[in-house]
Protein chains: 2
Amino acid sequence: MPSYTPPLRDLRFVMHELLDVVGTLKASPRHADLDEDTLNAVIEEAGRFASEVLAPLNATGDAEGCRLDKSTHEVAAPAGFREAYAKFVEGGWPALSCDPAYGGQGLPITMNQVLYEMLNSANQAWTMYPGLTHGAYECLHAHGTPEQQATYLPKLTSGEWTGTMCLTEPHCGTDLGLLRSKAEPQADGSYRITGNKIFISSGEHDLAANIIHLVLARLPDAPAGSKGISLFVVPKFLVQADGSLGARNPIFCGALEHKMGIHGNATCQMNLDGAQGWLVGQPHKGLAAMFVMMNAARLGVGIQSLGLTEVAYQNAAAYAKDRLQMRALSGPKAPDKAADPIIVHPDVRKMLLTARAYAEGGRALAIHTALLIDLELSSPDEQVRRDAADEVALLTPIIKAFITDNAWLATSHCLQVFGGHGFIREWGMEQFVRDSRINMIYEGTNTIQSLDLLGRKVLGDNGAKLKKFGKRIAAFVEDEGTDEAMQEFINPLADLGDKVTKLTTELGMKGFQNPDEVGAAAVDYLRVCGHLVFAYFFARMAKVALQQQGGGDPFYAAKLNTARFYFQKLLPETAGLIRSARSGSASLMAMDEALF
Amino acid sequence: MPSYTPPLRDLRFVMHELLDVVGTLKASPRHADLDEDTLNAVIEEAGRFASEVLAPLNATGDAEGCRLDKSTHEVAAPAGFREAYAKFVEGGWPALSCDPAYGGQGLPITMNQVLYEMLNSANQAWTMYPGLTHGAYECLHAHGTPEQQATYLPKLTSGEWTGTMCLTEPHCGTDLGLLRSKAEPQADGSYRITGNKIFISSGEHDLAANIIHLVLARLPDAPAGSKGISLFVVPKFLVQADGSLGARNPIFCGALEHKMGIHGNATCQMNLDGAQGWLVGQPHKGLAAMFVMMNAARLGVGIQSLGLTEVAYQNAAAYAKDRLQMRALSGPKAPDKAADPIIVHPDVRKMLLTARAYAEGGRALAIHTALLIDLELSSPDEQVRRDAADEVALLTPIIKAFITDNAWLATSHCLQVFGGHGFIREWGMEQFVRDSRINMIYEGTNTIQSLDLLGRKVLGDNGAKLKKFGKRIAAFVEDEGTDEAMQEFINPLADLGDKVTKLTTELGMKGFQNPDEVGAAAVDYLRVCGHLVFAYFFARMAKVALQQQGGGDPFYAAKLNTARFYFQKLLPETAGLIRSARSGSASLMAMDEALF
């Protein structure tokens, strides 16, 4: 069975040495009292929970799956999930970065993200129960009425209740404009909602006393399409005036999906049969309100894949040091043994370092972005808040798509390190691959992310957000341009920055003539941008490592090596991607549909 | 549930229009009577068997898996597998390309390969039962004594008995030199074999009356390492002098592996407890004899992934034409419907065309190679036989690794086309992905293939085999160099050929200094060579299509488009691969093992 060790050293490196989380947030009155020691203690404790409580339930949860009792519509999560959740609530973890006004601890979002990386490494399926809850919390915190906030936020903060997002219907996933669920206004100001939802993660389970569903549906007077969708809060059990639970609301799990992975999470078909709900935000503006939750969820999906990449790497590295097979090409390295450990083989190292670089790059990007969200939410400086929001908007699709695509590659490489054993369930590697596959799909497929990036975030504002990020890179290149030791990082970073600028201009012009040119290039473009962002962070990490490596801590030697590996072995992918992106849409669009 | 339509049109195109199978083989006395109509009738009938008998058992076999009765050591394959196999035997399919001396039909290997592409599209797990049988047939045909051949080949030819390869042990897979199973000589000339084997595909099942295991073990006087391994034939039931079945031989299935995919195939732990066996080939030369089987198996694994790529493509294309979601970026294409079919979106087409191009390229390469094997086995001209053998040796690792890596990408893309539904078992797409994953591992991992290609097949003979293939390309480039319409294919093909030549020289020189340079570059190198080979075949296919497209058959327009797509969107990957390959081994080897 796989093991998991929280990567505390690298987390501290990214938080303190690379990004200076405490220093960056100290101007925010909300976070004026932060200190490194407290943060370190919190992540250490979180890591203990993840590795000791959750990780042991990952393989068993996969094997057992969830069970629906069709007579009661109740779902049982795998053995141990409920008890682990109780410990999670008892430990106060759901409240970590929630608003103190509702019982939260008020720590930065950054801390919550670090917590979630570790939870996901340990058990993605389990983590989706509290993960979606936090999304519901954020949505109601931003868009709920004061009454709704008073009713739901304390319980979502404490974790006594969990949450869901009910968007997808059988005929509509990406295209929510097609959705059919209906909301009929009632005399008391509530609504009766009827419809069928599918793919509802954590839709029904036995972890919490109540489940707060956020449901998209149409009002009777709704315009067609995506501008006629409203958002409703629909609790599993109605909440009485005194806060106690009342009648069961008719929102029932009709079936559980049988999936490739994340078996421990209940993916439900939910039937709403006149379920009582209350409007959240403005009528017909449900998509906008839901997008608060969706953007958080997209970051959350990136973190899921970051977690899987890290845990897959750890186990593959341990196996590669242990498994004896063949001799090194350059001569025996363990002559006293029957064969050398397979880590002596260059391609085994290449597979391992690919996963390691994707984990370390993803961690830097994800924590950087979480820190921007904290600035967006808490900085006293409006310009800082606005810049942070812009950068978060730009980076969100990259985090979602680039990190999840990387995890699919990385977990597969890590499986491969195990040879035939990687294909066998008991070793646990194939579960990481299966679990990671959904991350490329849900909360907007990676194709949708790429269109969001290129079409909306980049070309939609004539490259303004991208230019802001480009300035970050340019400033760093300028600062380090005279440092000989940094040339191996700075030169390819600067070169790729120039190429992205040219490619963006070219695609903007072509897309102006023919929008299919944007659609044809978007996936390649996102991956190029992902590499640009990773190259920037690896160059910055290399700089810190170069400064510190004299101190004798081998952590910095490893960091420097991983950065070199990234630049030499992974970044070159951009050469092919740029060519593909530039080759246009003709070879995609010319063929008649009937010939497919 | 997925459907499968045999790609008869493309098979005929490759066999007759591209490769002229009949014309190529007519100089071989063994195949002098071949004609296109017969071949077409055979593949049509084979396609019917695959689509009507096997395809309906694929999802059910995956869900049900195999069952071991621990008291009897007997294994039951999933429902329907046994009956399907009986029909397969009744139809004479196992005998298709077997030697008429043992009851075979004597058709070219090429036909068998076309058969197996379709069987694998329909049901890879089922197809592994007869597939391994054919490998055992080939091994005994090449290395068995006349008595062994008389005993086993007629029953393996008819399919009444099946076969296995028993190589792997818990502590050794890639490194067979470590194997421990022992063979004690007996007075009657037989051996008693004792040991534990794992990962034995089709090791035990209820499809056939007897199972003929080919087992690697050590004789008492065996030298250590891979030069002390001998090959034995070990039947499940001993065969009596009259050919009837005698005593149960103590080679028992101790457990079934629980795997990521190919659930319908029984992957067995086999315990040999003094099982009676007979030496095949020379003492201590077992690996060489087994490699006859292994090389056939490597081609077979490529065909497995070719089959999966094709069937995944077909289902994703059908879904993309059917599923309505969003409007085309360039404006509505189905204004009478609620949304456009998703095939209007450029990236959906890109995912589909990636799978299509990998299927069509793989098919051309695989049939070309099978035809070379036929020439190697049957040409009256010794030089032709020798050249064919060299080219088969060069192409085998490419077929095994490039086609299986491509299938992993392609089946994943095809899953993605289904959005969330792709992750749900009932749609069947995730099974293709799971099944395809093993193909990158077994019969020599894809890393091993890359070392075989670069280390042994290319650098091992100073590039002689590669140069021969290069001459094929050069001749084609020369022939088509003046054809304006062919420039879009010829120029990048010639350019890549030059780059491969330079890269090979560079890696040869670096590898001479430091063998880790070969190990560091080999996987990238194989993928570049795979693209070179595909580019050559797509250029040739484009040529045929250009010649024929005036006739109005839209097949040629589609072929030409797929070739263009391949050159514009897939071939550019080589730019990054070459850079990565050239960047050397330092970033892989520098990091201390303890820092991983």
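Along every chain, residues carry numbers that run from 1 in the direction the sequence is written. Think of it this way: whatever chain is written first is A, whatever ligand is written first is 1, and the rest follow in order. A pLDDT threshold of at least 70 governs which residues receive local features in this predicted model, and a stricter bar of 80 or more applies before side-chain atom pairs are shown or counted, although totals over entire chains, interfaces and linings include all residues. Water and hydrogen atoms play no part in the side-chain values, which are based on all heavy atoms of the structure.

**Side note on the domain arrangement of chain A**
All names here are of chain A.
Turning to step 1, where the next piece is worked out: Start and end positions for the domains come from either an automated domain assignment or a database one. Structurally, chain A comprises domain 1 (8-143), domain 2 (162-285) and domain 3 (461-588).
Turning to step 2, where the next piece is worked out: Measuring from the centre of the C-alpha atoms in domain 1 to the corresponding centre in domain 3 gives 31 Å.
Turning to step 3, where the next piece is worked out: Reported buried area values correspond to the accessible surface (1.4 Å probe) lost by two parts on association, with both partners' losses combined. In this assembly, domain 1 packs against domain 3 so that about 710 Å² is buried in total across both faces, 64% of it on carbon and sulfur atoms.
Turning to step 4, where the next piece is worked out: The salt bridge definition used is simple: a Lys or Arg side-chain nitrogen within 4 Å of an Asp or Glu carboxyl oxygen. The interface formed by domain 1 and domain 3 holds 2 salt bridges in total.

**Side note on the pairing of strand S7 (residues 230-235) of chain A**
All names here are of chain A.
Turning to step 1, where the next piece is worked out: In terms of residue burial, S7 counts as a mostly covered element, since 6 of its 6 residues are buried.
Turning to step 2, where the next piece is worked out: Here's how the labels work: a residue is buried when its accessible area is under 20% of the maximum for its type, exposed when over 50%, partly exposed in between, all with a 1.4 Å probe on protein chains only. A run of DSSP states H or I qualifies as a helix once it reaches four residues; a run of E qualifies as a strand once it reaches two. Both are numbered from the N-terminal end. Here S7 shows two buried faces, one formed by Ser230, Phe232 and Val234 and the other by Leu231, Val233 and Pro235.
Turning to step 3, where the next piece is worked out: Alignment of strand S6 (residues 210-217) against S7, held across 6 bridges, turns out to be antiparallel. Note that in S7 the partner of Val215 across the bridge is Phe232.
Turning to step 4, where the next piece is worked out: Should DSSP find at least two bridges between two strands, the strands are regarded as paired. Taken together, the 3 bridges between S7 and strand S11 (residues 267-280) define a ladder with antiparallel strand orientation. Looking across to S11, one finds that Val233 is bridged to Trp278.

**Brief notes about the packing of aromatic side chains**
Residue and element names in this part refer to chain A.
Turning to step 1, where the next piece is worked out: Here a pair means two rings of Phe, Tyr or Trp (six-membered ring of Trp) with centres within 6.5 Å. Their orientation is stacked below 30 degrees between planes, edge-to-face above 60, and tilted elsewhere. Under the criterion given, the structure shown has 49 aromatic pairs over all chains.
Turning to step 2, where the next piece is worked out: A centroid spacing of 5.6 Å and a plane angle of 75 degrees characterise the contact between Phe469 and Tyr536, whose relative ring orientation is edge-to-face. You can see Phe469 sitting in helix H13 (residues 464-480) and its partner Tyr536 sitting in helix H15 (residues 515-548), a full 67 residues away along the chain.
Turning to step 3, where the next piece is worked out: Given the relative accessible area of 3%, Phe469 is considered buried.

**A short note on H15(A)**
Residues and elements named next belong to chain A.
Turning to step 1, where the next piece is worked out: In this scheme, a helix's expected span is set at 1.5 Å multiplied by one less than its residue total. Its 34 residues place the ends of H15 48 Å apart at the C-alpha level, agreeing with the 50 Å of an ideal helix rising 1.5 Å per residue.
Turning to step 2, where the next piece is worked out: Fitting axes to the seven residues ending at a residue and to the seven starting there, one defines the bend at that residue as the angle between these axes. If you look at H15, its biggest bend is around 50 degrees, right at Ala522.
Turning to step 3, where the next piece is worked out: H15 sits mainly inside the fold: 28 of its 34 residues count as buried.
Turning to step 4, where the next piece is worked out: As used in this structure description, the phrase polar contact means that two N or O atoms lie within 3.5 Å; if the pair is within protein, one of them must be able to donate a hydrogen and the other to accept it, and residues adjacent in sequence are counted only when both atoms belong to side chains. The opening residue of H15 is Asn514, an N-cap whose side-chain oxygen sits 2.9 Å from the backbone nitrogen of Asp516.

**Section: the relation of the copies chain A and chain B**
Turning to step 1, where the next piece is worked out: What sets the superposition is a least-squares fit of C-alpha atoms, and only residues with pLDDT of at least 70 in both copies go into it. Turning chain A through 180 degrees and shifting it by 0.0 Å along the axis lays it on chain B, with an RMSD of 0.0 Å. On the angle and the small slide along the axis, the relation comes out as a two-fold axis.
Turning to step 2, where the next piece is worked out: By definition in these notes, contact holds between two residues if any of their heavy atoms fall within 4.5 Å. Taken as a fraction of all interface residues of chain A, those also at the interface in chain B reach 100%, which identifies the copy contact as same-surface.

**Focus on unusual backbone geometry**
Turning to step 1, where the next piece is worked out: One non-glycine residue, Asp20(A), lies in the positive phi region at around 45 degrees.
Turning to step 2, where the next piece is worked out: Structurally, Asp20(A) is set in the loop between helix H1 (8-18) and helix H2 (21-25).
Turning to step 3, where the next piece is worked out: By relative accessible area, Asp20(A) is classed as partly exposed at 36%.
Turning to step 4, where the next piece is worked out: Of note, the phi angle at Asn462(B) is positive, near 55 degrees, even though the residue is not glycine.
Turning to step 5, where the next piece is worked out: Residue placement: Asn462(B) occurs in the loop between helix H12 (446-458) and helix H13 (464-480).
Turning to step 6, where the next piece is worked out: Classification of Asn462(B) by relative accessible area gives exposed; the value is 67%.

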